[in-house]
Amino acid sequence: GINAEYMEAVVSTQSTWEAVVSTQSTWEAVVSTQSTWATTPYGQMPVATFGDQVCAQTMPIMRLVCKAGGLYPEDIFQAQKVDEYVAAADEVYSVITPTYKMADGQEKNDLRQKLFRGTIGPRYAKLVANRGDSPYLVGGALSMADIFCYCAICDYASGRLDGISRELIEKEFPDVLKYRNGINGDERVKAYLDKVKAAKGDALGAWAAFQ
């Protein structure tokens, strides 16, 4: 799923986070000293609260906040494309999940490179090819599809996953990295990331993946 910082990045590209969620972090607002099972709809995270509305599950929350932020098309066929691209990108993430249980070492790194070269990289290359001359995937405008794919590509390129690096992506799937850099250049995304960097300084944590 998408962690709290990524979710904040989604809605803040349109400066709507403050408008739809209380000033307290959503993540902090729903976590209490009580057990997760007792305080959440399904005993798991993420959960977002909007006034008296309690919303659960990553994708429905993401779609809700993207609709609130103007990042989800009203046209039903463009909306279908957004959902299609998000599903296609999310599907390949499961390919690499089993490697999290492996011991660190060359075998793990080699398998991740094999999976990225054989499945993940080609899937993203096919996805970003759909944008044509536009920097965006659907309708010539920033959408939930871009936010999801951008966050995932930033993660792969961050070096967080041993065996997968920005250099690997740049060498073998250059258009994927070009797409990522294009979203990074969107004025709304850039403005928000600049704000995060100014606030956090060198302690960027997960946000370093977006730089």
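All chains use their own residue numbering, which begins from 1 and follows the written sequence. Per-residue local features are limited, in this predicted model, to residues with pLDDT of at least 70; the limit for side-chain atom pairs, both in listing and counting, is 80 or more; totals at the level of whole chains, interfaces and linings are taken over all residues. In computing side-chain values, all of the structure's heavy atoms are included and hydrogens and water are not.

**Observations regarding the overall build of the protein chain**
(1) Moving on: The helix count covers DSSP runs of H or I at least four residues long, the strand count covers runs of E at least two residues long, and both are numbered beginning at the N terminus. Helix and strand content of the protein chain: 11 helices and 2 strands.
(2) Moving on: Mapped in sequence order, the helices and strands of the protein chain form the string α-α-α-α-β-β-α-α-α-α-α-α-α.
(3) Moving on: Partitioning the contacts of the protein chain with sequence separation of at least 6, the portion at a separation of at least 24 is 61%.
(4) Moving on: The method behind every accessible area is Shrake-Rupley, applied with a 1.4 Å probe, and residues are considered shielded solely by the protein chains displayed. For the protein chain, the exposed area adds up to about 11,100 Å²; of that, 52% sits on carbon and sulfur atoms. In this description, contact between two residues means that some pair of their heavy atoms is separated by no more than 4.5 Å.

**Overview of the environment of S94**
(1) Moving on: Counting through the fold element by element, S94 comes out in helix α6 (residues 76–96).
(2) Moving on: Type-normalised accessible area, obtained with a 1.4 Å probe on protein chains alone, sets the label of each residue: buried when under 20%, exposed when over 50%, and partly exposed for intermediate values. By relative accessible area, S94 is classed as partly exposed at 47%.
(3) Moving on: We call two N or O atoms a polar contact when they sit within 3.5 Å, provided that within protein one can donate a hydrogen and the other can accept it, with sequence-adjacent residues counted only if both atoms are side-chain atoms. Engagement of the side chain of S94 in a polar contact is seen with the backbone oxygen of E91, the distance being 2.6 Å.

**A short note on the side chain of R131**
(1) Moving on: Tracing the sequence through the fold places R131 in the loop between α7 (106–129) and α8 (144–157).
(2) Moving on: Among the polar contacts made by the side chain of R131, one reaches the main-chain carbonyl oxygen of V128 at a distance of 2.7 Å.
(3) Moving on: For R131, the residues in contact, after removing those within four places along its chain, are Y136, L137, D175, K178 and Y179.

**Some details on the nonpolar core**
(1) Moving on: F116, Y124, Y150, Y156 and I169 are the most contacted members of the largest nonpolar core, which has 45 residues in total.
(2) Moving on: Mapped by element, the contributors of at least two residues to this core are α5 (58–68), α6, α7, α8, α9 (166–172), α10 (174–184) and α11 (187–200).
(3) Moving on: Of the residues forming this core, the biggest block, 12 residues, is contributed by α8.
(4) Moving on: Beyond its immediate stretch of four places on either side in the chain, Y124 contacts A89, V92, C149, A152, I153, Y156 and V176.
(5) Moving on: Here, nonpolar core means buried Ala, Val, Leu, Ile, Met, Phe, Trp, Tyr and Cys residues that are tied together by side-chain atoms lying within 4.5 Å of each other. Of all hydrophobic cores here, the second largest spans 5 residues; its members include A48, F50, I61 and V65.

**Comments concerning the state of the cysteines**
(1) Moving on: Here, two cysteine sulfur atoms that lie within 2.5 Å of each other are counted as a disulfide. Throughout the structure, instances matching the rule amount to 0 disulfides.
(2) Moving on: Not engaged in a disulfide, the cysteine C66 finds its nearest cysteine sulfur in C151; these two sulfurs lie 9.6 Å apart.
(3) Moving on: Assessed through its relative accessible area of 7%, C151 is described here as buried.

**So, the pairing of strand β1 (residues 47–50)**
(1) Moving on: Relative to strand β2 (residues 53–56), β1 is paired through 4 bridges, and the arrangement is antiparallel. Looking at the pairing, F50 lines up with Q53 of β2.
(2) Moving on: Here, any two strands with at least 2 DSSP bridges between them count as paired. Where β1 folds back on β2, the antiparallel hairpin that results is connected by 2 residues, among which G51 adopts a positive phi of roughly 65°.

**Re the packing of α7 against α8**
(1) Moving on: Axis definition: a line fitted to C-alpha atoms, over the contacting stretch in the case of helices. Angles run 0 to 180 degrees between N-to-C directions. In the contact formed by α7 and α8, the axes pass within 12 Å of each other and the chain directions differ by 145°. Here α7 and α8 pass one another in a crossing that is left-handed. For the pair formed by α7 and α8, the contact residues are F116, I120, Y124 and L127 on the first element and C149, A152, I153 and Y156 on the second.
(2) Moving on: By the convention adopted, Pro, Cys, Tyr, Trp, Phe, Met, Ile, Leu, Val and Ala count as nonpolar, Lys, Arg, Asp and Glu as charged, and the other residues, Gly among them, as polar. Residue classes in the contact of α7 with α8 are distributed as 8 nonpolar, no polar and no charged. Crossing handedness is defined as follows: a turn of the near helix away from the far one that is anticlockwise and smaller than a right angle gives a left-handed crossing, while the clockwise case is right-handed.

**A closer look at α8**
Each turn of an α-helix holds 3.6 residues, which means side chains three or four residues apart point in the same direction.
(1) Moving on: Over its 14 residues, α8 runs 20 Å from end to end, which matches the ideal 20 Å to within 8%, given 1.5 Å per residue.
(2) Moving on: Most of α8 is tucked away: 14 of the 14 residues are buried.
(3) Moving on: Positive phi appears at G159, one or two residues downstream of α8, with a value of about 90°. Take the number of residues in a helix, subtract one, and multiply by 1.5 Å to get its expected span.

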